[in-house]
Amino acid sequence: MANDGPNRMHEVHLCDDLKPGTTYSYRVGGDGNWSKTYTFTTPQEPGSFDTFRIGFAGDSRGRYDVWAQAISAMDSHDVDFILFGGDLIDLGPMQDQWDEWFDATGEILTRTALIPAHGNHEFFASHYFASFTLPGNEQWFHHKYGNLVVLSLNDTVLSAVDIANNQPEYIAEVLGNSDAAWRFAYHHQSPYTTNTTHRSNTDIREHWVPQYEAYGVQAVLNGHNHTYERSVPIKAGVEVAPGEGPVYVVSGGAGAPLYSNHEPDWFNVVANAIEHYMIIDVTATEAVFTAYDLSDNVIDTFTVPRP
C-alpha cells in the first residue's frame, strides 16, 4: 500500500536555543539544493501576554484543494498557531498524499506552527510521525502558549489501556500540575456528537470526560465526523452554565466528504454539514470560538468566560 520511493525525512530540534519574541531566519536543504530563506517569530516570554489567536481544522483527507482554501483562510486571520484534529490524509502510508497535503499549505507552515492530533486515517504510519516533530511519545502530549495549556490526545490506539488508563492519568498529571487559566483538549473522536456516521465515543465519555470536568477543561475540539457541531456546556451529564463545564465541538470540514446525517439530542446546539474552519480568540477575560465557511461567513460563534 505504501508508495515511499526515494524519500528521506529529517528533524531539527531547536527549542532549547530559541529566545522569546525573536524573529529567526532559516533555510533547509543541502549542497546544491537549498530552499530560499524563510522567517518565523517566537512568542513573547511566558506570562507576559494573555491575548492570542488560534486556528483549528480537521479532516482534510481526499480534498486537498479544500484544505488549501481552509488553511489560507486561517492564515488571513493572522493566527498565532494552528491545531488540527486528525485525518490529515486518506491513507497514512501513502507518501504522495502527504506531498499533496503539504503542497496545499503553500508557504504558510514555513512561518506558522501546525500541531496535529493523530486520527484513524493516519494508521500509525511512519509517514505521520516523520512529518511532524512532536513532544513526548508523539501520540499524546501537551503544549503551552501564554496562559493556555492544550492537550493533544490520541483516541485511535493500539491498546485499550491507552484509553482507559494511560491517557486519563496523563490528563490528570498535566492539568493537576498546571496553573494555566485556559485549558483546551483536542483529539479525533468526539464523546458528544449527533452524527450517525460515527456516533459518540462512549469509551472516551467514560474515561476522559470526568478528567476534563475535574480539571477545568473549557473546550474539547474533535473531528472524525465531517461536519460542524457544538454542544452546550456539559458537566456530570447535564447542561450547565457557560464556563462551568466543557463545550464539545466537532470540526471536521476541511476537505473530507461531508456527513449530513444528524439525529437531534439534548446536548446539541448546532449541527451543520459544511466545509469550514475555526478561529479561537483568547483574551484576558474570555475565549471566543467562531466557525467560518470557506467564504468567511460566520456559521457559529460562542464565548467561554475566563474562570
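Residues numbered from 1 in each chain as written. Predicted model: local features only at pLDDT ≥ 70, side-chain atom pairs only at ≥ 80, totals over all residues. Heavy atoms only, no water.

A. Quick peek at the overall build of the protein chain. Secondary structure summary: the protein chain contains six helices and 17 strands in total. Taking 307 residues into account, the globule formula puts the C-alpha radius of gyration at 19 Å, and the protein chain, at 19 Å, falls close to it. Across its three principal directions, the C-alpha atoms of the protein chain cover 60 × 45 × 40 Å. Within the span of the protein chain, comprising 307 residues, buried residues form 51% of the whole. Nonlocal contacts in the protein chain, meaning residues at least 24 apart in sequence, comprise 69% of its contacts between residues at least 6 apart. Within the structure as shown, the protein chain displays about 13,700 Å² of accessible surface, and the carbon and sulfur contribution to it stands at 48%. Side chains of the protein chain carry 15 positive and 40 negative charges; the gap between the two charge centres is 4 Å. (Helix = DSSP H or I, 4+ residues; strand = E, 2+ residues; numbered from the N terminus. Rg over C-alpha atoms; globule rule 2.2 N^0.38 Å. Buried < 20%, exposed > 50% of the residue type's maximum accessible area, 1.4 Å probe, protein only. Contact = heavy atoms within 4.5 Å. Areas by Shrake-Rupley, 256 points an atom, 1.4 Å probe, with all protein chains shown as cover. Lys, Arg positive; Asp, Glu negative; His and termini not counted. Charge placed at Lys NZ, Arg CZ, Asp CG, Glu CD.)

B. Fine view of the environment of Gly237. Along the chain, Gly237 turns up in the loop between strand S11 (234-235) and strand S12 (238-239). As a C-alpha pair, Gly237 and Phe267 span 30 residues in sequence and 9.1 Å in three-dimensional space. Each residue touching Gly237, except ones within four places of it in the same chain, is listed here: Tyr192 and Trp266.

C. A look at the sheet that holds strand S15 (residues 276-282). Taking strand neighbours across the sheet as the criterion, the six strands line up as S5-S4-S3-S15-S16-S17 in an open arrangement whose pairing is mixed. Strand pairing shows two members of the sheet lacking a second neighbour, strand S5 (113-116) and strand S17 (298-305), which therefore form its edges. Averaged over all adjacent pairs, the angle separating strand axes in this sheet is 20°, with direction ignored. Across four bridges, strand S4 (residues 81-84) lies against S5 in parallel orientation. (Pairing = 2+ DSSP bridges. Axes fitted to C-alpha atoms, helices over the stretch in contact; angles between N-to-C directions.)

D. Representation of the packing of helix H1 (residues 64-76) against helix H2 (residues 95-104) within the structure. Interaxial distance between H1 and H2 falls to 8 Å at its minimum, and their mutual angle equals 30°. Taken together, the axes of H1 and H2 lie roughly parallel to each other. Of the two possible hands of crossing, H1 and H2 adopt the one that is right-handed. Contact with H1, carried on its side by Tyr64, Trp67, Ala68 and Ile71, involves Gln97, Glu100, Trp101 and Ala104 of H2 and no other residues of that element. Residue composition of the contact of H1 with H2, by class: six nonpolar, one polar and one charged. (Parallel < 35°, antiparallel > 145°, perpendicular 65-115°, else oblique. Left-handed = near helix turned anticlockwise from the far one by under 90°. Nonpolar A, V, L, I, M, F, W, Y, C, P; charged D, E, K, R; others polar.)

E. Representation of the pattern of salt bridges within the structure. Per the counting criterion, the structure on display carries eight salt bridges. Between Asp281 and Arg53 there is a salt bridge, with the nearest N and O atoms lying 2.5 Å from each other. With Asp281 in strand S15 and Arg53 in strand S3 (residues 52-57), this residue pair connects regions lying 228 residues apart in the sequence. We classify Arg53 as partly exposed; its relative accessible area is 27%. Residues joined by salt bridges that share partners form a network here, namely Arg61, Asp87 and Asp90. (Salt bridge = Lys/Arg side-chain N within 4 Å of Asp/Glu carboxyl O.)

F. Geometry of the packing of aromatic side chains. Evaluation of the coordinates by the stated rule reveals 26 aromatic pairs. Consider the rings of Trp101 and Phe102, whose centres lie 4.8 Å apart with planes at 85°: the pair is edge-to-face. With a relative accessible area of 28%, Phe102 lands in the partly exposed category. Sitting over the ring of Trp34, Arg27 keeps its end group 4.3 Å from the ring centre. (Phe/Tyr/Trp six-rings, centres within 6.5 Å; stacked < 30°, edge-to-face > 60°. Lys NZ or Arg CZ within 6 Å of the ring centre and 35° of its normal.)

G. Fine view of the sheet that holds strand S13 (residues 247-251). If you walk across this open sheet you meet the seven strands as S6-S7-S8-S9-S13-S10-S14, and the pairing is mixed. The outermost strands of the open sheet, each flanked by one partner alone, are strand S6 (141-145) and strand S14 (268-272). Each adjacent strand pair in this sheet contributes to an overall mean axis angle of 15°, direction not counted. The pairing of strand S9 (residues 219-222) with S13 spans four bridges and is classified as parallel. When the sheet's bridge partners are listed, Leu221 is paired in S13 with Val249. Sheet contacts for helix H4 (residues 161-176): S6, strand S7 (148-152) and strand S8 (182-186); angle to S7, the most-contacted strand, approximately 170°.

H. Main features of the side chain of Glu229. Topologically, Glu229 is positioned in strand S10 (residues 228-231). The side chain of Glu229 is buried and forms no salt bridge, while Arg205, the nearest opposite charge, is found at 9.7 Å. At 2.5 Å, the side chain of Glu229 forms a polar contact with the side chain of Thr193. For Glu229, the side chain forms a polar contact with the main-chain nitrogen of Thr194, separated by 2.7 Å. Those residues within four positions of Glu229 in sequence are excluded, and the remaining contacts are Thr193, Thr194, Asn195, Tyr248, Val249, Val250, His262, Asn268, Val270 and Ala271. (Polar contact = N/O pair within 3.5 Å; in protein donor to acceptor, adjacent residues only side chain to side chain.)

I. Representation of H1 in the model. Counted at 1.5 Å a residue, the expected span for H1 with its 13 residues is 18 Å, and the 18 Å between its end C-alpha atoms agrees. Of the surrounding elements, those touching the buried residues of H1 are S3, S4, H2, S5 and S15. (Expected span 1.5 Å × (residues − 1).)

J. Focus on unusual backbone geometry. Positive phi, close to 60°, is recorded for Asp87, a residue that is not glycine. By the secondary structure assignment, Asp87 is in the loop between S4 and H2. According to the relative accessible area criterion, Asp87 is buried, its value standing at 1%. At Phe124, a position not held by glycine, the phi torsion is positive, near 55°. With respect to the element layout, Phe124 can be found in the loop between S5 and helix H3 (126-131).

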